[in-house]
Amino acid sequence: MKLSLNSARSFARDILVAQQVPADIADDVAEHLVESDRCGYISHGLSILPNYRRAIVGNSVNPEGRAECVLDRDMMMVFDGHGGFGQHVGKTVMQQAIERVRQHGHCIVTLRKSHHLGRMGHYGEMVANAGFVLLSFTNVINRPPVVAPYGGRVPRLTTNPLCFAGPMPNGRPPLVVDIATSAIAINKARVLAEKGEPAPEHSIIDADGHPTTDASVMFGDHPGSLLPFGLHKGYALGVVAELLAGVLSGGGTIQPENPRGGVATNNLFGVLLNPEFDLGLNWERGEVEAFIKYLHDTPTAPGFDQVQYPGEYEAANRAAASTHLEINANIWRNLEALAKDLGVDAPTA
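Scoring rules and cut-offs
- Residues numbered from 1 in each chain as written.
- Predicted model: local features only at pLDDT ≥ 70, side-chain atom pairs only at ≥ 80, totals over all residues.
- Heavy atoms only, no water.
- Helix = DSSP H or I, 4+ residues; strand = E, 2+ residues; numbered from the N terminus.
- Rg over C-alpha atoms; globule rule 2.2 N^0.38 Å.
- Lys, Arg positive; Asp, Glu negative; His and termini not counted.
- Charge placed at Lys NZ, Arg CZ, Asp CG, Glu CD.
- Buried < 20%, exposed > 50% of the residue type's maximum accessible area, 1.4 Å probe, protein only.
- Pairing = 2+ DSSP bridges.
- 1 Å grid on protein atoms, 1.4 Å probe; cavity = no way out; pocket = protein on both sides within 12 Å on 5 of 7 lines; lining within 4 Å.
- Points joined across faces, edges and corners; volume = space filled by probe spheres on them.
- Nonpolar A, V, L, I, M, F, W, Y, C, P; charged D, E, K, R; others polar.
- Patch = residues over 30% accessible without salt bridge, like charges linked within 9 Å, V, L, I, M, F, W, Y side chains within 5 Å.
- Areas by Shrake-Rupley, 256 points an atom, 1.4 Å probe, with all protein chains shown as cover.
- Salt bridge = Lys/Arg side-chain N within 4 Å of Asp/Glu carboxyl O.
- Phe/Tyr/Trp six-rings, centres within 6.5 Å; stacked < 30°, edge-to-face > 60°.
- Axes fitted to C-alpha atoms, helices over the stretch in contact; angles between N-to-C directions.
- Expected span 1.5 Å × (residues − 1).
- Core = buried A, V, L, I, M, F, W, Y, C linked by side-chain atoms within 4.5 Å.
- Contact = heavy atoms within 4.5 Å.

## Topic: the overall build of the protein
If you tally the helices and strands in the protein, you get 10 helices and 12 strands. On C-alpha atoms alone, the protein measures out to a radius of gyration of 20 Å, which is about the 20 Å that the 2.2 N^0.38 rule sets for 349 residues. Separation between the mean location of the 28 positive side-chain charges and that of the 37 negative ones in the protein comes to 2 Å.

## Notes on the pairing of strand S6 (residues 162-166)
For a regular strand, side chains alternate in direction, first toward one face of the sheet and then toward the other. For S6, a buried count of 4 out of 5 residues is recorded, marking the element as mostly surrounded by other parts of the structure. The pairing of strand S5 (residues 133-141) with S6 spans 4 bridges and is antiparallel. What sits directly across from serine 136, in S6, is cysteine 163. Where S6 meets strand S7 (residues 175-179), 5 bridges bridge the pair, whose relative direction is antiparallel. Bridge pairing in S7 places cysteine 163 opposite aspartate 178.

## What about the layout of surface pockets?
Volume-wise, the second largest pocket comes out at about 540 Å³. Considering the residues around the second largest pocket, the lining is formed by 24 residues, among which Pro167, Met168, Pro275, Glu284 and Val288 are closest to the centre. If you list the elements that add at least two residues to the lining of the second largest pocket, you get S6 and helix H8 (281-296). Per-element tally for the lining of the second largest pocket: the top contributor is H8, with 7 residues. Along the lines of polarity and charge, the residues of the lining of the second largest pocket split into 18 nonpolar, 3 polar and 3 charged.

## Topic: a nonpolar patch on the surface
On the surface, a nonpolar cluster with roughly 270 Å² of combined accessible area is contributed by Leu243, Val247 and Leu248. One can find leucine 248 in helix H7 (residues 232-248). In this structure leucine 248 comes out as partly exposed when scored by relative accessible area, which is 46%.

## Considerations on the packing of aromatic side chains
Scanning the entire structure with this criterion turns up 5 aromatic pairs. Centre to centre, the rings of phenylalanine 11 and tryptophan 332 are 5.5 Å apart; their planes meet at 50°, and the pair counts as tilted. With phenylalanine 11 in helix H1 (residues 5-17) and tryptophan 332 in helix H10 (residues 329-342), this residue pair connects regions lying 321 residues apart in the sequence. The pair formed by phenylalanine 11 and tryptophan 332 is uniform in burial state, with each residue classed as buried. Each ring, one from phenylalanine 137 and one from phenylalanine 269, has its centre 6.5 Å from the other, and the planes form 40°; the classification is tilted.

## Overview of the sheet that holds strand S3 (residues 76-80)
Strand order in the open sheet formed by 7 strands is S2-S3-S4-S11-S5-S6-S7, with mixed pairing between adjacent strands. Lying at the two open borders of the sheet, with one neighbouring strand each, are strand S2 (68-72) and S7. Between one strand and the next, the sheet's axes are offset by a mean angle of 15°, whatever the strand orientation.

## What to know about the sheet that holds strand S9 (residues 211-212)
Here 3 strands make up an open sheet; going across it, the order is S9-S8-S10 and the pairing antiparallel. A strand with exactly one partner marks an edge of an open sheet, and here the two such strands are S9 and strand S10 (225-226). Where strand S8 (residues 204-205) and S9 come together, 2 bridges link them in antiparallel fashion. Opposite isoleucine 204, over in S9, you have threonine 212 as the bridge partner.

## Observations concerning helix H4 (residues 86-104)
The terminal C-alpha atoms of H4 lie 26 Å apart, and with 19 residues this matches the ideal 27 Å at 1.5 Å per residue to within 8%. Trailing H4 by a residue or two, glycine 105 shows a phi angle of about 90°, which is positive.

## A look at the environment of glutamate 314
Inspection of the secondary structure assignment puts glutamate 314 in helix H9 (residues 312-320). Residue class for glutamate 314 comes out buried when judged on its relative accessible area of 6%. Distance from glutamate 314 to serine 36, taken between C-alpha atoms, is 9.1 Å for residues 278 residues apart in sequence.

## A few points about the pairing of strand S11 (residues 265-273)
With 7 of 9 residues buried, S11 lies mostly within the body of the structure. As paired elements, strand S4 (residues 106-115) and S11 share 8 bridges and run antiparallel to each other. In the strand pairing of S11, serine 114 is matched with asparagine 266. Where S5 lies against S11, 9 bridges are found, and the strand directions are antiparallel. Counterpart to valine 133 in the pairing with S11 is leucine 273.

## Brief notes about the nonpolar core
Counting 33 residues, the largest nonpolar core has Leu46, Leu49, Phe85 and Leu325 as the members making the most contacts within it. Listed by contribution, the elements that provide at least two residues to this core are H1, helix H2 (23-38), helix H3 (49-57) and H10. In this view, phenylalanine 85 contacts Leu16, Val21, Ile25, Val29, Tyr52, Ile56, Val61, Asn62, Pro63, Gly65 and His115; residues no more than four positions away in its chain are not counted. By size, the runner-up hydrophobic cluster in this structure holds 21 residues, among which are Phe79, Val93, Met94 and Ile98.

## Quick word on the pattern of salt bridges
Within this structure, the stated rule accounts for 17 salt bridges. Because the salt bridges share partners, they merge into one network encompassing Arg9, Glu31, Glu35, Arg38, Arg119, Glu125 and Arg318.

Structure, rendered in structure tokens:
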């Protein structure tokens, strides 16, 4: 299915508004989902709308929830998302943090009790496009754990993503690192299961702890576990994200005394800064440009035709989807069924 970007945004917005989501919140969610699809991350794009429908029906998301700054100390702000849609809450928080960096040169921001924030690279791009740097850690609570610790065979963590982003010189796309601390994201596993495609090797174990490439084991009666990326290294970063985001935000960690309502709630810890230090802007730009050229000049390994820096993949996908989205047939059937249930007209190709 091929949709224009405007049709895709309007379709997502209409689906959300039909569920009593305020129009401005629906606009932010729809924009975020379409941009995720454009960047090549369909797991965080329109395909997630049926999950959001279940969250609304189950009262696991507050359709009218908005970010509230509950503590303001100039260069540190603490926000409560009040269970609202993360794509709107996160945008609001990052916009305010960006303004604070413009005033002070840096800012620490935390957010608690947001519904699913979506693709974290979206916020990294917001910050980088403003000329600033973002380092953020996110944890996921209010749902059962899905990631086994290094050496374990049952889940104790969630995917706990890290994001780093910053501007690049000479019109280059921003540097964007957006990675789950699991080998794959749970929404990636969901998409693979829906499409009947195998998961990467060493990314999933079944309920007995045996390695598998069958992503559907994550969604059965006796679910398996995702594995941390990089063995003990990804596990360690997942623990750091859990503590920074869960504790310093006041939102809590995945430990079992906290609620597990079945739908993701995100907490975030972020540091934003203006990279224009006293070393001199011209020197910084020259050094970054020289480093990127050094990377690009790397002789390629068999099977590769280029070496990229993080962020070029997203930029290339966005350029390729400059006017339209290609939507997988299985995902489109799910979206059509959702629209029909809500009385929303689905667009034609």
